[in-house]
Amino acid sequence: MFTKSLAAAIFLVGIVAMGADAKSNLSNPASLTEKAPDTYKVKFETSKGAFVIEVTRDWAPLGADRFYNLVKNGYYDNCRFFRVISNFMVQFGISGDKDLNAAWREAKIQDDPAKESNKRGYITFATSGPNTRTTQVFINFKDNAALDKMGFTPFGKVVEGMDVVDSLYAEYGEGAPRGKGPNQMKMQTEGNAYLEKEYPKLDFIKSAVIAQ
């Protein structure tokens, strides 16, 4: 007899299997190369509420594709907003799983030519120089046009919930060694265990999903 308890158990097993599959995919960056739709939305559920980003692939095709694959496979779930600088931007995208950080550290994509400016609410990949984009992104708190000629190419913008983005915990400020915020190298090698111990007030992403 097909009982409600059996149905629930089957559903739970399916969810666990889906999670395992996503983790397996994320461990192999070279396999995540699906082309993104021309436009799509991503809904972020965070510790402060929800916000929605609309991505326009034409603005930055390579960046839009990378972001799509990361979101679709659950990369940003449980990531911390680790660098929140008031009147500048908020950065996230280092995984809480140190093994995933190791897998993605060298999964770099080429730069996209800039078509849009770093306006308030626009989202852009962080870089460490030319052609070094991997998983980290930032959202501009204000118009940051000075970034446009430095290789920072927006690929989308916040279309709902910018008030939530504005409210993210910012008291830690700039990261170490220039500020009192988290050390990115320790984040890479220790994951969320480091942040939960040393920076417990950081806001975080509960889930990020393709919404449209």
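Cut-offs used in this document
Residues numbered from 1 in each chain as written. Predicted model: local features only at pLDDT ≥ 70, side-chain atom pairs only at ≥ 80, totals over all residues. Heavy atoms only, no water. Helix = DSSP H or I, 4+ residues; strand = E, 2+ residues; numbered from the N terminus. Contact = heavy atoms within 4.5 Å. Polar contact = N/O pair within 3.5 Å; in protein donor to acceptor, adjacent residues only side chain to side chain. Expected span 1.5 Å × (residues − 1). Buried < 20%, exposed > 50% of the residue type's maximum accessible area, 1.4 Å probe, protein only. Core = buried A, V, L, I, M, F, W, Y, C linked by side-chain atoms within 4.5 Å. Salt bridge = Lys/Arg side-chain N within 4 Å of Asp/Glu carboxyl O. Phe/Tyr/Trp six-rings, centres within 6.5 Å; stacked < 30°, edge-to-face > 60°.

Enquirer: Explain the environment of K142 to me, please; I cannot follow it from the model alone.
Expert: Within the secondary structure layout, K142 lies in the loop between β6 (137–140) and β7 (154–160). Each C-alpha atom, one on K142 and one on N118, is 8.3 Å from the other, the two residues being 24 residues apart in sequence. Those residues within four positions of K142 in sequence are excluded, and the remaining contacts are N87, F88, N118, K119 and R120. A polar contact of 3.1 Å, which involves the side chain of K142, links it to the side chain of N144.

Enquirer: What should I look at first to understand helix α2 (residues 61–72) in this one?
Expert: Residues spaced three or four apart along an α-helix point in a common direction, a consequence of the helix completing one turn every 3.6 residues. With 12 residues, α2 extends 16 Å from end C-alpha to end C-alpha; this agrees with the ideal 16 Å at 1.5 Å per step. Burial analysis of α2 places nine of its 12 residues in the buried class, the great majority of the element. Within the sequence span of α2, burial applies to G63, A64, D65, R66, F67, Y68, N69, L70 and V71.

Enquirer: Is there a simple way to think about unusual backbone geometry in this case?
Expert: Phi is mostly negative for residues that are not glycine, and the peptide bonds are mostly trans. Unusually for a residue other than glycine, N78 sits at a positive phi of about 75°. Within the element layout of this structure, N78 appears in the loop between α2 and β3 (83–85). Its identity is not glycine, yet N87 carries a phi of approximately 65°, on the positive side. Within the secondary structure layout, N87 lies in the loop between β3 and β4 (89–92). When its relative accessible area of 56% is taken as the criterion, N87 is described as exposed.

Enquirer: So what exactly am I meant to see when it comes to the side chain of N140 here?
Expert: Tracing the sequence through the fold places N140 in strand β6. A distance of 3.2 Å separates polar atoms of two side chains, one belonging to N140 and the other to N118. With near-sequence residues (within four places) excluded, N140 lies in contact with F88, M89, N118, K119, R120, G121, Y122, T124, L147 and M162.

Enquirer: Any chance you could explain the nonpolar core here in plain terms?
Expert: It is characteristic of soluble globular proteins that their nonpolar side chains tend to be buried jointly. Formed by 39 residues in total, the largest nonpolar core has its most connected members in F44, F67, Y76, F92, I139 and V165. The biggest single contributor to this core is α2, with five residues. Residues contacting Y76, with those up to four places away along its chain left out, are F67, L70, V71, F92, G93, T135, V137, I205 and A208. Counting eight residues, the second largest nonpolar core, distinct from the first, contains I94, Y194, L195 and L202.

Enquirer: Mind showing me how you'd approach the pattern of salt bridges here?
Expert: A side chain with one charge may pair with a side chain of the opposite charge, provided their charged atoms come close. Scanning the entire structure with this criterion turns up 12 salt bridges. In this structure, R57 engages D65 in a salt bridge whose closest nitrogen and oxygen atoms are separated by 2.7 Å. Taking the relative accessible area as the measure of exposure, D65 reaches 13% and is therefore buried. For R133, the salt bridge goes to D112, with nearest N and O atoms at 3.0 Å. Pair noted here: R133 is in the loop between β5 (122–125) and β6 and D112 is in the loop between α3 (98–104) and β5, with a separation of 21 residues, a long-range link. When its relative accessible area of 2% is taken as the criterion, R133 is described as buried. Shared partners join several salt bridges into a network, and the residues in it are R83, E174 and R178.

Enquirer: Even after reading the chapter, I still don't get the packing of aromatic side chains, so can you show me in this structure?
Expert: Any aromatic ring pair is given by two values, namely how distant the centres are and how the planes are angled relative to each other. As enumerated under the stated definition, the model contains 17 aromatic pairs in all. When the centroid spacing of 5.5 Å and the interplanar angle of 45° are considered together, the rings of F67 and Y76 count as tilted. Y76 matches F67 in its accessibility class, with the two residues each being buried. Arranged with centres 4.9 Å apart and planes meeting at 90°, the rings of Y172 and Y199 form a pair that is edge-to-face. Note that Y172 is positioned in the loop between α4 (162–166) and α5 (184–190) and Y199 in the loop between α6 (192–198) and β8 (205–210), a separation of 27 residues in sequence.

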